[in-house]
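Chains, contacts and geometry: an overview
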Amino acid sequence: MDESLVAWLDGHADKLDSDTLHADALPAHLAEAGLFAVGVPESEGGDGRPLSAAVDVVAGLAEHSLSAAFVYWAQRAVIACMLASPNRDLLRRLVPDLLRGRLAGAPGLSNAMKFLGGLDRLRITGAAAPDGMRLNGTVAWATNLRRHGFVAAIAVGDEQDDNPSVFALPHDLRGVTREPDLDLLALRGTNTAALRLDDVALDASWQIHPQARVFLPSIRPAFVGLQCGLGFGLARASLRAGRAALGNRPSVLCGEIDALDADIAACRQTLCASLDDGSLRERPRDLLTLRLRMVDIAAAAVALELQALGGRALLRAESGGYARRAREAAFLAVVTPTVAHLKGDLARLA
Ligand SMILES: Cc1cc2nc3c(=O)[nH]c(=O)nc-3n(C[C@H](O)[C@H](O)[C@H](O)COP(=O)(O)OP(=O)(O)OC[C@H]3O[C@@H](n4cnc5c(N)ncnc54)[C@H](O)[C@@H]3O)c2cc1C
């Protein structure tokens, strides 16, 4: 990890969580460090390393700021959509700017994921029109909606609110409204807001894939696998803070801290190996189990940090980053696929 980026993140982590002030500076710093090209094939302008290298970037960022790690994930998730798209013209048009961070990518696909899991109806409808399609509806949440411009990945249902396809939506089309930032309890510096689409004309050149039912499972290892880095990094930061709070004193907590550290290393190893050999595509149950385990590991690590700090955890001046990490861990349980969603999917696959 670039040292100046780490210094900036450490200096701004609390503000990135509690404030919207640095929301546009954050992705600029990530781009400057060249991180968006990590794990992207050289033929597409990337660094040619395996996808697991991007998991390590997510984890490395999450050790310092989950807001930074999640914004990175959002941009990287949209890049993963583009790389998997059969629409090579769209890829050539957008990927170079996404890799350099000149264009912001906002993944607005949790509605489609919930729809495919039978948990929600499609919130955007496309009606055929002479100039392509007319879109109406909302994206309830999307991160990385930079005010000066973005492209969002969205799912669009047909007039029966069925058969979703996946599109890239540029910010500057007539009828696209980026709502004000959501009033979040945490991760406020992530440019997270809703989008409203009022009779937006979109032509076929923006189509990422004609069938979300085929496309979303195909990108799930990248989408969900990269998310695992969020919890690994956050947990490592909490365990480090827990150890620091204990000092060199022997403690009843040391064994649990060491065991969790070993658990993170083992999960990371399993995830990275099976992401890179492509086998997770055929093993959705293993992928979802790892993703659920990541949330549990992060929650357990934050709990150990609290136990190591004792009462200091509740003192503003002495808690270090504990309060922020506790909020960040709560976020991990509700980001799509949420813990409830994962439990439902795993029960179905059992
Ligand atoms: C900071 C932040 C940034 C975000 N950024 C994005 C983004 O960039 N893109 C995006 O698309 N979304 C984003 N989201 C949205 C997020 O990822 C989730 O979609 C949302 O937070 C969870 O949806 P939900 O409230 O419906 O919770 P869910 O957990 O989906 O649903 C809650 C309810 O449904 C029930 N339920 C869930 N699963 C099942 C089941 N299988 N069977 C029965 N009942 C079930 C639960 O018990 C609960 O009552 C963001 C959210 C946050 C907080």
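Model, not experiment: these values are computed from the prediction.

To continue, consider the domain arrangement of the protein chain. Each assigned domain of the protein chain is listed here: domain 1 (3–103), domain 2 (106–209) and domain 3 (213–349). Centre-to-centre, using C-alpha coordinates, domain 1 lies 21 Å away from domain 2. Counting residues at the interface gives 29 residues for domain 1, matched by 24 residues for domain 2. Overall, the association of domain 1 and domain 2 removes approximately 2200 Å² of surface from exposure, summing both partners, and the carbon and sulfur fraction of that is 63%. Looking only at domain 1, the three residues that lose the most surface to domain 2 are Asp 17, Asp 24 and Val 78, adding up to 18% of its buried area. Joining domain 1 to domain 2, the criterion identifies zero salt bridges. Counting every contact that joins domain 1 to domain 2 gives 14 residue pairs in polar contact (both at pLDDT 80 or more). Among the secondary structure elements, those contributing two or more residues to the side of domain 1 that touches domain 2 are α1 (3–18), α2 (25–32), α4 (66–84) and α5 (88–100).

What follows concerns the environment of Ala 326. Following the sequence through the fold, Ala 326 ends up in helix α10 (residues 322–334). Accessibility expressed as a relative area gives 26% for Ala 326, which makes it partly exposed. In sequence terms Ala 326 and Leu 99 are 227 residues apart; their C-alpha atoms lie 31 Å from each other.

With six bridges joining them, strand β2 (residues 124–129) and strand β3 (residues 132–142) adopt antiparallel strand pairing. From the neighbouring strand, Ala 128 faces β3, where its bridge partner is Met 133. Count of turn residues in the β2/β3 antiparallel hairpin: two residues.

Here we take up the sheet that holds strand β1 (residues 105–108). Taken in spatial order, the four strands of this open sheet run β1-β4-β5-β8, and their pairing is mixed. Each having just a single partner strand, β1 and β8 (207–209) make up the two edges of the open sheet. Pairwise comparison of adjacent strand axes, ignoring direction, gives a mean angle of 30° for this sheet. Here six bridges tie strand β4 (residues 151–156) to strand β5 (residues 165–170), and the two strands are oriented antiparallel to one another. Looking across to β5, one finds that Ala 153 is bridged to Ala 168. Packing against the sheet, α4 makes contact with β1, β5 and β8, and its axis sits at approximately 80° to β1.

Attention now goes to the pattern of salt bridges. The final tally for this structure, using the stated rule, is 24 salt bridges. Among the salt bridges present, the one from Arg 88 reaches Glu 44, with a minimum N-O distance of 3.0 Å. Here the residue Arg 88 occupies a position in helix α5, and Glu 44 occupies one in the loop between α2 and α3 (52–62), the gap between them amounting to 44 residues. The exposure class assigned to Arg 88 is partly exposed, which follows from its relative accessible area of 35%. Asp 198 is paired through a salt bridge with Arg 196; the nearest N and O atoms lie 3.0 Å apart. According to the relative accessible area criterion, Asp 198 is partly exposed, its value standing at 37%. The partly exposed category is assigned to Arg 196, whose relative accessible area is 33%. Through salt bridges with shared partners, a single network forms among Asp 14, Arg 324 and Glu 328.

Reading the values: the criteria
- Sequence positions are assigned chain by chain, starting from 1 and proceeding in written order.
- For a predicted model such as this one, the threshold for reporting local features is a pLDDT of at least 70, and the threshold for listing and counting side-chain atom pairs is 80 or more; totals across whole chains, interfaces and linings nevertheless cover every residue.
- Calculation of side-chain values draws on the structure's entire complement of heavy atoms; hydrogens and water are dropped beforehand.
- Delimitation of the domains relies on an automatic or database domain assignment.
- Throughout, a contact is declared for two residues whenever any of their heavy atoms are within 4.5 Å.
- Defined here as a combined quantity, buried area equals the accessible surface (1.4 Å probe) lost by two parts on assembly, summed across both.
- For salt bridges, the criterion is a side-chain nitrogen of Lys or Arg within 4 Å of an Asp or Glu carboxyl oxygen.
- Under this definition, polar contacts are N or O atom pairs within 3.5 Å; protein pairs additionally need one hydrogen-donor-capable and one acceptor-capable atom, and for neighbouring residues in sequence, both atoms have to be side-chain atoms.
- Strands are runs of DSSP state E lasting at least two residues, helices are runs of H or I lasting at least four, and both sets are numbered from the N terminus onward.
- Partly exposed residues are those whose accessible area sits between 20% and 50% of the maximum for their type, while under 20% is buried and over 50% is exposed, using a 1.4 Å probe and protein chains only.
- Note: two strands are recorded as paired if DSSP finds a minimum of 2 bridges between them.
- Here an angle of 0 to 180 degrees is reported between the N-to-C directions of two axes, which are lines fitted to C-alpha atoms, with helices fitted over the stretch in contact.

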